[in-house]
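Descriptive structure summary
Listed below are the residues making up each chain.
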Amino acid sequence: MVKKSSRFLYFSIIFAGFCLAAILRMSNYSFVFQNITGHLNFIDPDCFYQLRRLVYFLANFPQTLHFDPLADWPAGSFVDWPDAFIYLIGVPLKLMGVRDFRSLEIGSCFMMIFYGLVCCFAIFRLAKRLIPDSSIALLVFFLSTMNFLLIRFSCLGQLDHHIFEAIYPPVVLLLSLKAFQDFSKGSSVFLGLLLSLALMTSSSSIFIVGVFFAIYGFILGKKENFKLYFLTVGLTFASLLPAAVLNLMAFGRFQMMEHPSFFHIGLVLVLALFAYLVARFKSQAPAILLGFFALFLIGYALNWPSLLMQPLAQGFEYVFGRSGVLQNVSEASPIFLNYNQVQLNFIHLNFGYFVYLLPLAWVFGLFYKKFSVQERVLFLSLTMLSAPGIFQKRFAHIMLGLFLVFVGWCLWKTLEAFKRWKFRIGPLLIFTLFCLAIFPTLQFGFAPSGTPRDLVDLNATKFFLERLKPEEKSDLIVWDRLALKRKVTEGIWANPNLGHMLNYMTGYGVLTNSFYHWDSFDKDFKWRSIESDYDFVQALKENKIRFYILADDFRFFQLQYRLRNLDPKSFVENKVIDGQMATVFNIPELEKKVWVRRLIREETFPDSEKLFQVKFNTDHFYNYLKAYRFTALP
């Protein structure tokens, strides 16, 4: 009876944890369901583009969007993200019969919440594997249910692949332990399929695949499980090959970092060979590592073979260089920086105040031979994933699940030591750790609501939609535009932050969006540099721009100068005002540009009809907007 009662209590606690996780992920409902534009309010521009992809997928099932004629208007552009995320969200929605905007948006949100619960469960299962104390494993589970970053990527108003990047690491570790320590053939099969699925979901999963080969080569690999290893690698290869062929047909390129390609197949084969040799010849592992590293350096310097080296160079620059327009992207900064200013808010909010335990994982990793096989796997994986996780905020969630398990492991080891010393402070220590983890989130709120950027962009879009004619904004017509079943011959020019939102809600082509692809980004700069009204009108005509929305985004214009190594001193300078350095824009100088004149001056233009002008008072990098319908377009 006691055992049944304990089991019932245990599962009741787990059920309560899932309920808590779901409730917290819906706690921002008042913002998400607030009727601003007639759509749900999503909390990131990229979410609107994922919705746009889902519309195409649902209307053209099972085809996915590879080339988007509505992005980077009028030339169009290839889609940056791989397809698996669209299948993971879109197939259940298709089975539910989704065919309109409202059901798409609500269904997508609840699919994201479901995958958020999957993430919590994956972290819990890994914790149970590594920590014998069930109460501490449950603590790790509750920390995952309440963690802001995990909620941020799986709540109402969220739709992006980042939650899968948080799910895959703990699942890969768990399956690896089951496959190569417990000799489970089923786990080996699932692991091979999961590694390929990870690469088909996100290009960032290349870190996770690299971790798998590292832990196999240096820790888990031995003669008794070589057959299981080859089964895993074979299934990964067999699953990636069709994806690479299909992407070659769709994009016309053998090597791509963004989508599964022959680059990924080549990289998997090289890493598989490396891991096998290290596992097969353990005593020569350092020599094998140095040999592969030397070959890599030579190949990298010579750019040979280019199939591997060109995408790798692109990836290194993206993660560690952060040059170009990434300077303007906050999430591309290290977790302790925000636009080159040291700030600890991000790491405290998402990792809790015990984030300073992270270096201990690196230290323990140096002495990993003293620990169990499972502990070595955790230390090595967390150490490797902490490199991208620290260098860019957008990768922090990749290491987050392993970090929470590591924190639970540290607590368990501490309590074991106290037991030997006959100190009874377990409950107090657990409570203290829980508070240190959750207190920053309690101050901020668990699920994110509208930021100043969201509120400005959503309300600007609202004003724009209200000025459109019924036939320009009909849901049926917009759905068909996004599905590419109705030809789109007109586009919109606006600030990139508005791009994805305007595209999804109108179905028109958009010149710029937060992809920041260079061709459209450069065209945007050239248009902003035009001083002649005639040239400005000709540019709009040639590019079939029906609407243009101007904003006082002078800092964005300044950034474009800086990215091209041009000096913007003619229209901007830094001055000390009231003892503080401030950026001051020279408006008369800026008014030489046509877009600034049309933004600031109160006059009519024979080629354009003013739709609206609005001024917001929020902490955002633009607040004054004016929209026009270009009437000179045939």
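Just above, that's the structure.
Now for a quick tour of the structure. Since this is a predicted model, take the numbers as computed values, not measurements. (Residues numbered from 1 in each chain as written. Predicted model: local features only at pLDDT ≥ 70, side-chain atom pairs only at ≥ 80, totals over all residues. Heavy atoms only, no water.)

Looking at the environment of serine 261
Here is the rule we go by: For the purposes of this entry, the term helix denotes a DSSP run of H or I that reaches at least four residues, the term strand denotes a run of E that reaches at least two, and both are numbered from the N terminus. Partly exposed describes any residue whose relative accessible area lies between the buried limit of under 20% and the exposed limit of over 50%, with all areas from a 1.4 Å probe on protein chains only and scaled to the type maximum. By definition in these notes, contact holds between two residues if any of their heavy atoms fall within 4.5 Å.
Mapping serine 261 onto the fold places it in the loop between helix H11 (226-251) and helix H12 (262-280). Taking the relative accessible area as the measure of exposure, serine 261 reaches 2% and is therefore buried. For the pair serine 261 and proline 242, spaced 19 residues apart in sequence, the C-alpha to C-alpha distance is 9.4 Å. The contacts of serine 261, once residues within four sequence positions are left out, are Ala244, Phe254, Gln255 and Met256.

A look at H11
The condition is simple: What a helix should span is 1.5 Å times the count of its residues minus one.
Compared with the 38 Å implied by 1.5 Å per residue over 26 residues, the 36 Å span of H11 between its first and last C-alpha is a close match. Among all positions in H11, only Phe226, Leu228, Tyr229, Thr232, Val233, Thr236, Ser239, Leu240, Ala243, Ala244, Asn247 and Phe251 are buried. Looking at the buried positions of H11, the neighbouring elements they touch are strand S2 (77-78), helix H8 (162-180), helix H9 (185-201), helix H10 (206-220) and H12. One or two steps after H11, the chain reaches glycine 252, where phi turns positive at roughly 75°.

Section: the nonpolar core
Condition: Take the buried residues of types Ala, Val, Leu, Ile, Met, Phe, Trp, Tyr and Cys, join any two whose side-chain atoms come within 4.5 Å, and each joined set is a nonpolar core.
Within the largest apolar cluster, 193 residues are counted, with the highest numbers of intra-cluster contacts made by Leu104, Phe464 and Leu625. Counting residues per element, this core draws most heavily on helix H18 (residues 396-420), at 15 residues. Residue contacts for leucine 625: discarding those within four places in its chain leaves Val456, Ala460, Leu498, Ile549, Leu550, Ala551, Phe612, Gln613, Val614 and Phe616. Core analysis: the second largest hydrophobic core is formed by nine residues, Val325, Leu326, Ala332 and Tyr516 among them.

As for the packing of aromatic side chains
The condition is simple: Between rings of Phe, Tyr and Trp, where Trp is taken as its six-membered ring, a pair exists when centres lie within 6.5 Å; planes separated by under 30 degrees are stacked, by over 60 edge-to-face, and by other angles tilted.
By the definition in use, this model includes 63 aromatic pairs. Measuring from ring centre to ring centre gives 5.4 Å for phenylalanine 207 and phenylalanine 395, while their planes differ by 75°; the resulting arrangement is edge-to-face. Of this pair, phenylalanine 207 sits in helix H10 while phenylalanine 395 sits in the loop between helix H17 (373-391) and H18; the two residues are 188 residues apart in sequence, bridging distant segments of the chain. Take phenylalanine 207: its relative accessible area is 22%, and that puts it in the partly exposed class. Judged by centre distance (5.6 Å) and plane angle (50°), the ring pair of phenylalanine 554 and phenylalanine 585 falls under tilted. Of this pair, phenylalanine 554 sits in helix H26 (residues 554-563) while phenylalanine 585 sits in strand S9 (residues 580-585), placing them 31 residues apart in sequence. Taking relative accessible area as the criterion, phenylalanine 554 reaches 9% and is therefore assigned buried. Judged by its relative accessible area of 21%, phenylalanine 585 is partly exposed. Aromatic ring contacts, followed pair by pair, group Phe180, Phe212, Phe213, Tyr216, Phe226, Tyr229, Phe230 and Tyr276 into a single cluster.

What to know about the pattern of salt bridges
To be explicit about the condition: By convention in these notes, a salt bridge is any Lys or Arg side-chain nitrogen within 4 Å of a carboxyl oxygen on Asp or Glu.
Within this structure, the stated rule accounts for 24 salt bridges. Across the salt bridge formed by arginine 453 and aspartate 44, the nearest N and O atoms sit 3.9 Å from each other. Of this pair, arginine 453 sits in helix H20 (residues 452-467) while aspartate 44 sits in the loop between helix H2 (29-32) and helix H3 (45-59), and the two are 409 residues apart along the sequence. Looking at aspartate 44, the relative accessible area reads 16%, which means it is buried. Taking the shortest distance from any N to any O, the salt bridge between aspartate 83 and arginine 53 comes out at 3.7 Å. Taken together, the residues aspartate 83 in the loop between S2 and helix H4 (84-95) and arginine 53 in helix H3 connect sequence positions 30 residues apart. Exposure remark for arginine 53: the relative accessible area of 3% places this residue in the buried category.

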